[in-house]
Amino acid sequence: GLLRGLFGTTATTHADNATVTEALGGWGMPATTNIAGALLRHWSHDNFGEDLVSNPRAGSIYYWDKTGGLNTRAVALTSLAGANLAPTRGLQVLVSDVDRHAIVLGADPISGGSRSGTIDPLLIAFSDQENIAEWEPKATNTAGSLRCSAGSEIIGGLRARQETLIWTDVALYSLQFVGPPLTFGLN
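First, a word on scope: everything that follows refers to the structure included in this document. (Residues numbered from 1 in each chain as written. Predicted model: local features only at pLDDT ≥ 70, side-chain atom pairs only at ≥ 80, totals over all residues. Heavy atoms only, no water.)

Let us look at the side chain of Ser127. Structurally, Ser127 can be placed in the loop between strand 11 (123–126) and strand 12 (144–147). A relative accessible area of 0% means that Ser127 is categorised as buried. In this structure Ser127 touches His101, Ala102, Ile132, Glu134, Trp135, Thr142 and Ala143, once residues within four positions along its chain are discounted. (Helix = DSSP H or I, 4+ residues; strand = E, 2+ residues; numbered from the N terminus. Buried < 20%, exposed > 50% of the residue type's maximum accessible area, 1.4 Å probe, protein only. Contact = heavy atoms within 4.5 Å.)

Below you can see the structure in the form of structure tokens.
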């Protein structure tokens, strides 16, 4: 018998002359097999003051609170105290410049008083100003959403000087803070 562990895996006993195949390499090692459909996870991160908001493309949105210290993990945005209709998934997350709205590009839309869980690849959702937990559009806040009219998917966004640039697969948009009641203008 042979006892073997590789790249931090649990050592397992194998019979003499047994064929042992390594399917994937360890951290920092190339894969030895091609996994069909596997994609690189692309994360977006942005500061919300001293805190951090992040998400993997087409995945859940997370929030890390600095006051918890470096040994605390980020939690789902939807699990924050007072979270109201926060997006459950998105393509990219960022924070607007001066006015501090959390923005989710390619968010899941509000449907029947809850989030659908299915990404709308052209929807831009934004939180209430200075309140990352409040996403329900109300007359008393600045939360809301806009939809890009050209293209089939938002490719990415970049915060620039007094605007956020948003690329779809066929167009470039400028998202600018215009204040209540419309909050943002999309050109």
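Still more ground to cover, so stick around.
Turning our eyes to something else, we now look at the environment of Val93. Of note, Val93 is situated in strand 7 (residues 92–95). C-alpha of Val93 to C-alpha of Arg57: the two residues are 36 residues apart in sequence and 8.9 Å apart in space.

Right, let's talk about a nonpolar patch on the surface for a bit. A contiguous nonpolar surface patch, about 380 Å² in accessible area, is contributed by Ile155, Leu158, Trp167 and Leu172. Within the element layout of this structure, Trp167 appears in strand 14 (residues 163–168). In this structure Trp167 comes out as partly exposed when scored by relative accessible area, which is 35%. (Patch = residues over 30% accessible without salt bridge, like charges linked within 9 Å, V, L, I, M, F, W, Y side chains within 5 Å. Areas by Shrake-Rupley, 256 points an atom, 1.4 Å probe, with all protein chains shown as cover. Salt bridge = Lys/Arg side-chain N within 4 Å of Asp/Glu carboxyl O.)

Turning to the sheet that holds strand 15 (residues 172–179), a few remarks are in order. In spatial order, the strands read 13-14-15-16; together these four strands make up an open sheet with antiparallel pairing. Since the sheet does not close on itself, it has two edges, and those belong to strand 13 (154–160) and strand 16 (183–186), each with one partner. Averaged over neighbouring strand pairs, the angle between their axes works out to 25° when direction is ignored. With six bridges joining them, strand 13 and strand 14 adopt antiparallel strand pairing. What sits directly across from Gly156, in strand 14, is Trp167. (Pairing = 2+ DSSP bridges. Axes fitted to C-alpha atoms, helices over the stretch in contact; angles between N-to-C directions.)

Now for the sheet that holds strand 3 (residues 43–48). Across the sheet, four strands lie side by side as 3-4-5-6; this open sheet has antiparallel pairing. On the outer flanks of this sheet lie strand 3 and strand 6 (75–76), each paired with one strand and no other. Of the strand pairs in this sheet, strand 4 (residues 51–56) and strand 5 (residues 62–64) are connected by three bridges, and their pairing is antiparallel. Counterpart to Leu52 in the pairing with strand 5 is Trp64.

Here we come to the pattern of salt bridges. The final tally for this structure, using the stated rule, is five salt bridges. Notably, a salt bridge pairs Arg57 with Glu153, separated by 3.2 Å at the nearest N-O pair. Placement of Arg57 in the loop between strand 4 and strand 5 and of Glu153 in the loop between strand 12 and strand 13 is noted, with a sequence separation of 96 residues between them. Residue class for Arg57 comes out partly exposed when judged on its relative accessible area of 27%.

Counted by the stated rule, this structure contains three aromatic pairs. With a centroid separation of 6.0 Å and 75° between ring planes, the pair formed by Phe177 and Phe184 is classed as edge-to-face. Judged by its relative accessible area of 5%, Phe184 falls in the buried class. An aromatic cluster is present here, built from Phe126, Phe177 and Phe184 joined pairwise through their rings. One cation-aromatic arrangement involves Arg100 over Phe48; the distance from NZ or CZ to the ring centre is 4.4 Å. (Phe/Tyr/Trp six-rings, centres within 6.5 Å; stacked < 30°, edge-to-face > 60°. Lys NZ or Arg CZ within 6 Å of the ring centre and 35° of its normal.)

The next subject is the environment of Ser149. Turning to its location among the elements, Ser149 is positioned in the loop between strand 12 and strand 13. Judged by relative accessible area, which is 68%, Ser149 ranks as exposed. Linking Ser149 and Leu186, residues 37 residues apart in sequence, is a C-alpha distance of 9.9 Å.

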